[in-house]
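Chain residues, written in single-letter form:
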Amino acid sequence: MPVPWFLLSLALGRSPMVLSLEKLMGPQDTARCSPGLSCHLWDGDVLCLPGSIVSAPGPVLVPTRLQTELVLRCYQETDCDLCVRVAIHLAVHGHWEEPKDEDTFGRAADPELEEPRNAFLQAQVVLSFQAYPTARCVLLEVQVPAALVQPGQSVGSVVFDCFEAALGAEVRIWSYTQPRYQKELNFTQQLPALPWLNVSADGDDVYLVLDVSEEQRFGLSLYWNQIQGPTKPWWHRNLTGPQTITLNHTDLFPCLCIQVWPLEPDSVRTSICPFREDPRAHRNLWRAARLQLLPPRGWRLDAPCSLLAEATLCWQAPGGGPCQSLVPPLYQANVTVNKTLELPLLNAHPNLCVQVSSWEKLQLQECLWADSLRALKDDLLLVETRGLQDNRSLCALEPSGCTPLLSKASTLWEDELRALWACPMDKYVHQRWALVWLACLLLASVLFLLFLFRKDHVKGWLRLLKEDLRAGAAARARAALLLYSAEDSGFERLVGALASALCQLPLQVTVDLWSRRELSAQGPLAWFHAQRRQTLQEGGVVVLLFSPGAVALCHEWLQDAASASASAPHGPHDAFAASLSCVLPDFLQGRAPGRYVGAYFDGLLHSGAVPALFRSVPVFSLPSQLPDFLGTLQGPGAPSPGRLGERAKQVSRALQPTLDQLLQALGGPGGPGGGTRDGT
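Residues numbered from 1 in each chain as written. Predicted model: local features only at pLDDT ≥ 70, side-chain atom pairs only at ≥ 80, totals over all residues. Heavy atoms only, no water.

### Re the sheet that holds strand β37 (residues 619–622)
Phase 1 of the analysis: If you trace the five strands from one edge of the open sheet to the other, you get β34-β33-β35-β36-β37, paired in parallel fashion. With partners counted over all chains shown, the strands left at the sheet margins are β34 (507–511) and β37, one partner each. Each strand of the sheet is rotated relative to its neighbour by a mean of 30°, with strand direction disregarded.
Phase 2 of the analysis: With five bridges joining them, strand β33 (residues 478–483) and β34 adopt parallel strand pairing. Residue pairing across strands places Ala479 opposite Gln508, the latter belonging to β34. (Pairing = 2+ DSSP bridges. Helix = DSSP H or I, 4+ residues; strand = E, 2+ residues; numbered from the N terminus. Axes fitted to C-alpha atoms, helices over the stretch in contact; angles between N-to-C directions.)

### A word on the packing of helix α16 (residues 626–634) against helix α17 (residues 641–665)
Each pair of packed helices can be described by the angle between their axes along with the distance between the axes.
Phase 1 of the analysis: Their axes nearest at 9 Å, the elements α16 and α17 cross at an angle of 110°. Relative to α17, the element α16 is oriented roughly perpendicular. Counted together, Leu626, Pro627, Leu630, Gly631 and Gln634 of α16 and Leu644, Arg647, Ala648, Val651 and Ser652 of α17 form the full contact between these two elements.
Phase 2 of the analysis: By residue class, the composition of the contact of α16 with α17 is six nonpolar, three polar and one charged. (Parallel < 35°, antiparallel > 145°, perpendicular 65-115°, else oblique. Contact = heavy atoms within 4.5 Å. Nonpolar A, V, L, I, M, F, W, Y, C, P; charged D, E, K, R; others polar.)

### Here's the deal with the environment of Gly642
Phase 1 of the analysis: Note that Gly642 resides in helix α17.
Phase 2 of the analysis: Between the C-alpha atom of Gly642 and that of Pro627, which follows or precedes it by 15 residues, the distance is 9.5 Å.

### Comments concerning the pattern of salt bridges
Opposite charge on two side chains lets them pair, provided their charged atoms get close.
Phase 1 of the analysis: For the structure on display, the rule yields 15 salt bridges.
Phase 2 of the analysis: One salt bridge in this structure joins Asp302 and Arg300, with 2.6 Å as the shortest N-O distance.
Phase 3 of the analysis: Residue Arg532 is joined to Asp586 by a salt bridge in which the shortest nitrogen-to-oxygen separation is 2.9 Å. Highlighted residues: Arg532 in helix α12 (residues 524–537) and Asp586 in helix α15 (residues 575–588), separated in sequence by 54 residues.
Phase 4 of the analysis: Taking relative accessible area as the criterion, Arg532 reaches 3% and is therefore assigned buried.
Phase 5 of the analysis: Classification of Asp586 as buried rests on a relative accessible area of 0%.
Phase 6 of the analysis: Taken together, the shared-partner salt bridges in this structure form one network comprising Glu22, Arg32, Glu69, Arg85 and Asp161. (Salt bridge = Lys/Arg side-chain N within 4 Å of Asp/Glu carboxyl O. Buried < 20%, exposed > 50% of the residue type's maximum accessible area, 1.4 Å probe, protein only.)

### Quick look at unusual backbone geometry
Phase 1 of the analysis: A cis geometry characterises the amide bond from Asp161 onward to Cys162, with omega recorded as -15°.
Phase 2 of the analysis: As for its placement among the helices and strands, Cys162 is situated in strand β9 (residues 154–164).
Phase 3 of the analysis: Of the consecutive residues Gln178 and Pro179, the connecting peptide bond is found in the cis state with omega at -5°.
Phase 4 of the analysis: If you trace the backbone, Pro179 turns up in the loop between β10 (170–177) and β11 (185–190).

### Comments concerning the state of the cysteines
Phase 1 of the analysis: This model, assessed by the stated rule, comprises seven disulfides.
Phase 2 of the analysis: A sulfur-sulfur distance of 1.9 Å marks the disulfide that ties Cys257 to Cys273. Taking the sign of the S-S torsion, about 100° here, the bridge from Cys257 to Cys273 comes out right-handed. Within this pair, whereas Cys257 is found in strand β17 (residues 256–262), its partner Cys273 is found in the loop between β18 (270–272) and α5 (279–288), the two being separated by 16 residues in sequence. (Disulfide = S-S within 2.5 Å.)

### A few points about α17
Phase 1 of the analysis: With 25 residues, α17 extends 35 Å between its outermost C-alpha atoms, agreeing within 8% with the 36 Å of an ideal straight helix rising 1.5 Å per residue.
Phase 2 of the analysis: The largest bend in α17 comes to about 35°, at Leu655, with the proline Pro657 one to four residues further on.
Phase 3 of the analysis: Looking at α17, one finds that the buried residues are Leu644, Arg647, Ala648, Val651, Leu655, Gln656, Thr658, Leu659, Leu662 and Leu663.
Phase 4 of the analysis: Those residues of α17 hidden inside the fold are in contact with α10 (489–503), β36 (596–601), β37 and α16.
Phase 5 of the analysis: Phi turns positive one or two residues past the end of α17, at Gly667, with a value near 95°. (Expected span 1.5 Å × (residues − 1). Bend = angle between axes of the 7 residues up to and from the residue.)

### A few points about the nonpolar core
Phase 1 of the analysis: Trp299, Leu301, Leu307, Val354 and Val356 are the most contacted members of the largest nonpolar core, which has 48 residues in total.
Phase 2 of the analysis: The element that contributes the greatest number of residues to this core is strand β14 (residues 217–224), accounting for four residues. (Core = buried A, V, L, I, M, F, W, Y, C linked by side-chain atoms within 4.5 Å.)

From the geometry alone we can't say anything about function, so treat these as descriptive.
In C-alpha cells, the structure reads:
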C-alpha cells in the first residue's frame, strides 16, 4: 500500500533525525539475531494459537521484553509505507537437572553426561501483530548454545522486519513460545497521525481543517462507527486542495469518525474519532435516542451510537411519583441498540414501564399504557420470593418498601427465584378505609334527615344544581391538539392565528407554539406523547395541518421509516416530525377515524397532495370549508348549522389576513405547493 513520500514526511516531521529513518527496500520480511544466537523466519504467516501454559521440562528460552522502532518499507524511492520493527529480548527459564549424589562419582567420566551441556537450546517464538484492519502472526526459530545458558539471564535478542501499519493506527503486539511456558508479552503503541487534519471548535460550529497542497486530491468520509453492527456512512466527498468543513454542534456524536485518504490506488486510509469524550456529543446522543414499546411484549432502543446504559422494568403507580424499579435489570451494561428485544413478561400490564439510565441518571422512560391509551390501574404489585424447600412468600410493593402479604394473583413475570404479580388493590386496603366508609354513611344519614325536614328547599336546590350541570356540560370545551410542520415564521403565524381563533369557540386548543418551554425540557417526542394521550383520553381530537413540508415528511416516513429517523435532525421544537412515529401506526392499523382530522390552507396546497393514507379521516380546506371543519371539531355537541356558520365567519375573518400575507410572500396564490383555492 504505497503512500506518497510527502504524506509520511508531513506525519513524521522534517527534522534530519526523522528523515533519516531506515529504509527497507522490497516487500519481503526478514529476521536477524544478536551474536551467539541463530534464528530462522518461517515462510508465510501462521495461525495465532497461544494454547495453555505448560511446565518447562528444563531450561527453555522465553521472551522477556518487546521493543519497537519505526522504519520505512519502500517499493520505490519515494513510495514508502510506515513499518514497525520489533525486537524480542530472550532469557533462560528453568534449570538443568542435576544427577543424584550417589551416582556422581561413578558416572562423571561418561561423555554422554556432558551432551546436554554441549547441545543447543531451541525455541519457537510467535510474534502476533494487530492494527485494524490488519492481523498477522509470524514464527521465528531461535537457537542458543547450551554453554551460554545461565538461568534467569538474558541471552540476546531477535529482530523482525517488519509489520506494515497505517498512519495514526493503534498497534498491538504479543509474543509467546510454542509450547507456552509463561504468560504472553504484550505491547501497545499509537503511531503518528496526519498533522494536516485538524479539528477545532468556535461557538456552536466545529471545523475540520485539511491543510494539504493545492494539487492534492483526497477522499473525506464522515461515518458512525457502531460497535453493535457495521459502520454507517453519513457524508462523503472527493476534494482537492486545502479544505475547511463546517459541522454544527448538533451533528456531533461520540461514534462520529473522520476518514481521509489520498485518491490513489491502494492508498492507506486514516481514521480518527475525535468526539468520543465530547460532552456535547453525548448530550446529542441521548437527545437522538428513541425508546419504543412494541406490542405485544417487544421493545426497541434506536440511537446512532452504542450506549453505555442500563435498562430496567419499573412499576408506575397511579397518582404520580417515581417509577419503582423491578429486578432483574433487562441489561446491566451496554444496551443493544437498533434491535427489537423481548420483555421477559408472561402478561402485559399498563402500569409496567421500561427505563433506560446512564451513570445512575434516568434518560428515557416509556410505559405500556402510553401506547394503549389505557389509564393506569389502581392495582398493587405483588412480589413472590421463593426460598429453600419451595417456601414462597408474597409482599406488596410500596414506595416505603415491600409489605408482607398472604394472597394469590395473576403472574406477570417469573424465574427460578422470584415472580411478579398484579391484583386489585381493594383486596388489601378495604380495612384502611373502614372508618372512611363509616363517616360517609353517617353523612348520608344526616343529609337524608335534612331532606325530610326541608323538602321544598331541597327540591329547589336540586333543580338549580341540575340546571348548572346542564349549562356546564354545554359550555365544556372539547380538547383539540394542532400538529404542523414548522417550515418558516410565516406559516407559524398562520397556525397561531388559527389556534387563537379556535380558542374563542368552546374548544380547548393545544399547540407547540404556546408550549416551547415544556417542549424544550421534555423533547418533542415526549411532549407529543403526553399531549396526544391526554387529548384522546378526554375525548378530544388531533388536527393534522398539512403543508408542503409536512407532506414531504410524510412521504419520507411512508417510503422508508428507518432512513427518515436517521436523516438530518429537524428543528428542536418540530413536534410534527417527532410525532410521525406515533401517528402513522394509528393510520396503518385503522385507529385514526374519530381521533384525527386533517386540514390544509387554501392556496398553499391542493387536496390531491395529501397522502392517501391520511384521507381515511375527514380532510378540510381552510377557510373555504370552515363550517364543516368546526362541526367535526366540536363533535356531537356542535351547535346548529346557522350558529356554526356565524362561528366560521369569525374564524375566517381572523385567519384570512395572515393567509393573504403568507401567499403574497410566497409569490402568488399558488404558493410552493402549486395548489389553488378549491372552494369546496
